[in-house]
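Each chain, written out:
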Amino acid sequence: MASKYEKRIKGARPLPFLTRYLTGPADSLSPARIAEYQKAALREVVTRAYKNSSFYQEKMNKAGIKPQDISKVADLAKMPFTTKAELRGNPWALLACDKKDISLIHVSTGTTGGEQIYIMYTWKDLYLHDLAPEYPKLFDIDPGDICFNALPHEMSSAGLSFHKVFIDGCQATAIPAGKGGAYSTPEKSIKLMQDLQPNVIMTTPSYSMTLAEVARESNLDPQSLPLKKMWLTGEGCSPAFRTRVEKIWGTKANFYYGSLEAGVIGIECDAHTGYHITQGHSLVEIVEPKTGEVLQPGEIGEIVVTSLLRFDTPLIRYRTQDLGYIDPDPCQCGISFPRLFMRGRAVDEVVVKGVNFSPFYLEEFLMRLPEVGNWYHFVVKEGNNESLKIRTELADGVKPTLELADKLASKMEFSLGIPCEFEFVSKLPRPQSKTIRVVRQ
Ligand SMILES: [Zn+2]
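Treat the numbers as computed from the prediction; the structure is a model and nothing was measured.

Caption draft 1: Up close: the overall build of the protein. Scanning the protein for helices and strands turns up 12 helices and 20 strands. Scaling as 2.2 N^0.38, a compact globule of 441 residues should have a C-alpha radius of gyration of about 22 Å, and the protein matches this with 23 Å. Across its three principal directions, the C-alpha atoms of the protein cover 70 × 50 × 40 Å. The burial tally for the protein puts 39% of its 441 residues in the buried class. When contacts within the protein are restricted to residue pairs at least 6 apart in sequence, long-range pairs at least 24 apart make up 64% of them.

Caption draft 2: Looking closely at the sheet that holds strand 8 (residues 263-268). Taking strand neighbours across the sheet as the criterion, the 11 strands line up as 4-3-5-6-7-8-9-13-12-11-10 in an open arrangement whose pairing is mixed. The open sheet has two free edges, formed respectively by strand 4 (173-175) and strand 10 (282-287), since each of these has just one partner strand. For this sheet, the mean inter-axis angle between neighbouring strands, taken without regard to orientation, is 35°. Inspection of the sheet shows strand 6 (residues 229-232) paired to strand 7 (residues 253-259) by 3 bridges, in the parallel sense. The residue of strand 7 that forms the bridge with tryptophan 231 is asparagine 254. Packed on one face of the sheet, helix 7 (residues 158-169) meets strand 3 (146-149), strand 4 and strand 5 (200-203) and runs near 175° to strand 3.

Caption draft 3: Geometry of the nonpolar core. The biggest cluster of nonpolar side chains holds 95 residues, and the ones touching the most others in it are Val45, Cys147, Phe148, Ala150, Met202, Met230 and Val284. Considering every element that reaches this core, the biggest residue donor is helix 3 (residues 31-52), with 7 residues. The contacts of methionine 202, once residues within four sequence positions are left out, are Cys147, Phe148, Asn149, Ala150, Leu151, Phe162 and Trp231. Counting 7 residues, the second-largest nonpolar core is a separate cluster that includes Ile117, Tyr118, Met120 and Tyr121.

Caption draft 4: Focus on unusual backbone geometry. The residue asparagine 219 is not glycine, and still its phi comes out positive at about 60°. Its location among the elements puts asparagine 219 in the loop between helix 9 (205-217) and strand 6. With a phi angle near 55°, histidine 272 is a residue other than glycine that sits in the positive phi range. Structurally, the position occupied by histidine 272 is in the loop between strand 8 and strand 9 (275-277). We classify histidine 272 as partly exposed; it has 15 C-beta atoms within 10 Å.

Caption draft 5: Expanded view of the packing of helix 9 against helix 10 (residues 239-249). The geometry of helix 9 relative to helix 10 is characterised by a closest axis approach of 10 Å and an angle of 35° between their N-to-C directions. Of the two elements, helix 9 crosses helix 10, and the hand of that crossing is left-handed. Across from Pro205, Ser208 and Ala212 in helix 9, the residues of helix 10 making contact are Phe241, Arg242, Val245, Ile248 and Trp249. Partitioning the contact of helix 9 with helix 10 into residue classes produces 6 nonpolar, 1 polar and 1 charged.

Caption draft 6: Spatial organisation of the sheet that holds strand 16 (residues 372-380). The 4 strands are arranged 19-18-16-20 in an open sheet whose pairing can be described as mixed. The strands lining the two open edges of the sheet, one partner per strand, are strand 19 (420-424) and strand 20 (438-440). Across the sheet, the mean angle separating the axes of adjacent strands is 30° when strand polarity is ignored. Along the sheet, helix 11 (residues 359-367) contacts strand 16, strand 18 (388-394) and strand 20; its crossing angle with strand 16, the most-contacted strand, is approximately 140°. Those strands touched by helix 12 (residues 402-416) are strand 16 and strand 19, and its axis lies near 140° from that of strand 19.

Caption draft 7: Molecular detail of helix 3. Taking 1.5 Å of rise per residue, the 22 residues of helix 3 would be expected to cover 32 Å, and the 31 Å separating its terminal C-alpha atoms lies within 8% of that figure. For helix 3, the set of buried residues is Tyr37, Gln38, Ala41, Leu42, Val45, Val46, Ala49 and Tyr50. Summarising the contacts, the buried residues of helix 3 are in contact with helix 2 (16-21), helix 4 (54-63), strand 10 and strand 11 (301-307).

Caption draft 8: Main features of the pairing of strand 18. Pairing of strand 16 with strand 18, which is carried by 5 bridges, proceeds in the antiparallel orientation. Residue pairing in the sheet places phenylalanine 378 in a bridge with isoleucine 390 of strand 18. For strand 18 and strand 19, the ladder comprises 5 bridges, and the chain directions are parallel. In the sheet register, leucine 388 faces strand 19, and the bridge partner there is cysteine 420. As for the winding sense of the linkage, the β-α-β connection from strand 18 through helix 12 to strand 19 is right-handed.

Caption draft 9: Quick peek at the packing of helix 10 against helix 11. Direction vectors running N to C along helix 10 and helix 11 enclose 50°, while the axes themselves pass 7 Å from each other. Overall, the two elements helix 10 and helix 11 adopt an arrangement that is oblique. Contacts between helix 10 and helix 11 involve Pro239, Ala240, Phe241 and Arg244 from the first element and Glu363, Glu364 and Met367 from the second. Considered class by class, the residues forming the contact of helix 10 with helix 11 number 4 nonpolar, no polar and 3 charged.

Caption draft 10: How the structure looks around the environment of aspartate 101. Here aspartate 101 shows up in the loop between helix 5 (84-87) and strand 1 (102-107). The exposure class assigned to aspartate 101 is partly exposed, which follows from the 14 C-beta atoms found within 10 Å. Separated by 21 residues in sequence, aspartate 101 and threonine 122 have C-alpha atoms that sit 5.7 Å apart. If we ignore the near neighbours within four places in the chain, the residues touching aspartate 101 are Thr122 and Asp312.

Caption draft 11: Representation of helix 8 (residues 186-196). Among the residues of helix 8, Pro186, Ser189, Ile190 and Met193 are the ones counted as buried. Buried residues of helix 8, seen end-on, are gathered within an arc of 100° and therefore sit on one face of the element. Turned more than 90 degrees off the buried face of helix 8, the exposed positions are Glu187 and Asp195. Considering only its buried residues, helix 8 is in contact with strand 3 and helix 9. Of the residues one or two after helix 8, glutamine 197 is the one with positive phi, at around 50°.

The rules behind the values
- Residues numbered from 1 in each chain as written.
- Predicted model: local features only at pLDDT ≥ 70, side-chain atom pairs only at ≥ 80, totals over all residues.
- Helix = DSSP H or I, 4+ residues; strand = E, 2+ residues; numbered from the N terminus.
- Rg over C-alpha atoms; globule rule 2.2 N^0.38 Å.
- Buried ≥ 20, exposed ≤ 12 C-beta atoms within 10 Å, placed from the backbone.
- Contact = placed C-beta atoms within 7 Å.
- Pairing = 2+ DSSP bridges.
- Axes fitted to C-alpha atoms, helices over the stretch in contact; angles between N-to-C directions.
- Core = buried A, V, L, I, M, F, W, Y, C linked by C-beta atoms within 7 Å.
- Left-handed = near helix turned anticlockwise from the far one by under 90°.
- Nonpolar A, V, L, I, M, F, W, Y, C, P; charged D, E, K, R; others polar.
- Expected span 1.5 Å × (residues − 1).
- Right-handed = clockwise from strand over helix to strand, strands pointing away.
- Parallel < 35°, antiparallel > 145°, perpendicular 65-115°, else oblique.
- Arc of directions from axis to C-beta.

In short, the description is geometric, and any link to function would need to be established separately.
What follows is the structure, encoded as structure tokens:
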């Protein structure tokens, strides 16, 4: 009598179009082959969504669309959008399979407010489909690599998603270190690093700084680790902050862009010139946020993602509320996937003297000042501000003086063209969840 596990493995066959079109690693396929693959995947996703999901069937009927109307990628623009509002408080909205076939349910972190969003996977979508396209050039993790996964593993999809990718996708070694969970402290994480000598670290930009501080206190030189790459995700940072991270850890740090709802969307190559869109997994459109019209390459708009490998809980034309634009020109790294450039969300912007600033833009100039430490807050009020108040720690060994505050303020004013004032503090709180850079009073 075969066990449940044996039965599952024996019956495990990915959908036939995957083996037909993915004849090699996805990041080595020609653009023509990728286009064929995407067309086949889209048809499969739409046909199954219409057949198996009342959510999509109702939306498509309302829009007067039948699955046969979607025969090429450009037809995707005919399909209705899926929004966060439709998923909030409606756990089973995307279900297109028997409920008992769901293997995994992830929940949103709650950092953007509102009712929670649940994203579910069947075992087939989770393993057979999601792991089918590989990106060995973009995400160069191999058997033998020891991957230190310092992302939250509970109440967030981040940690477990990479856990699966490291073990089952890359066949590497995973250490589920977490990021401040029940048994996860920075001190324990550094001990694990000392003992196990990982060569890959996956974490957020701010937590990489927390770990580096604790490493120094524990007499671990971050640069003594045999690191080949650090991967950053979960929150953004400015190029100048990333340069600090790379210097401290003595390794290259690349960003990985994904979300709970859509999974992987883009991965940075070593050139650090935008995210290569992971075209094996996602179809990315840029739309005008108000009209929903599809925009041309180079035009900034809302990032809309269609998952090409979710058949049992399909995600079609999902509005991420993130802003960005696509550059289809070739990248110096040789990977042909177009590149996605992110633009911050309007709600995160800081307004000073009637001018809107992205916090990352402000951070870029702040982090270029060597006297400034790695932890700071922009203290502003809602609406317009007369000046930018920067509350910050100073770099090791730098003395807080009024002269220094004046000097740094005038440097920032020169870069930004707005009045700035500095307040020095000895230590800001170290966040365990998403880091806070803008404090609104
Ligand atoms: Zn590249």
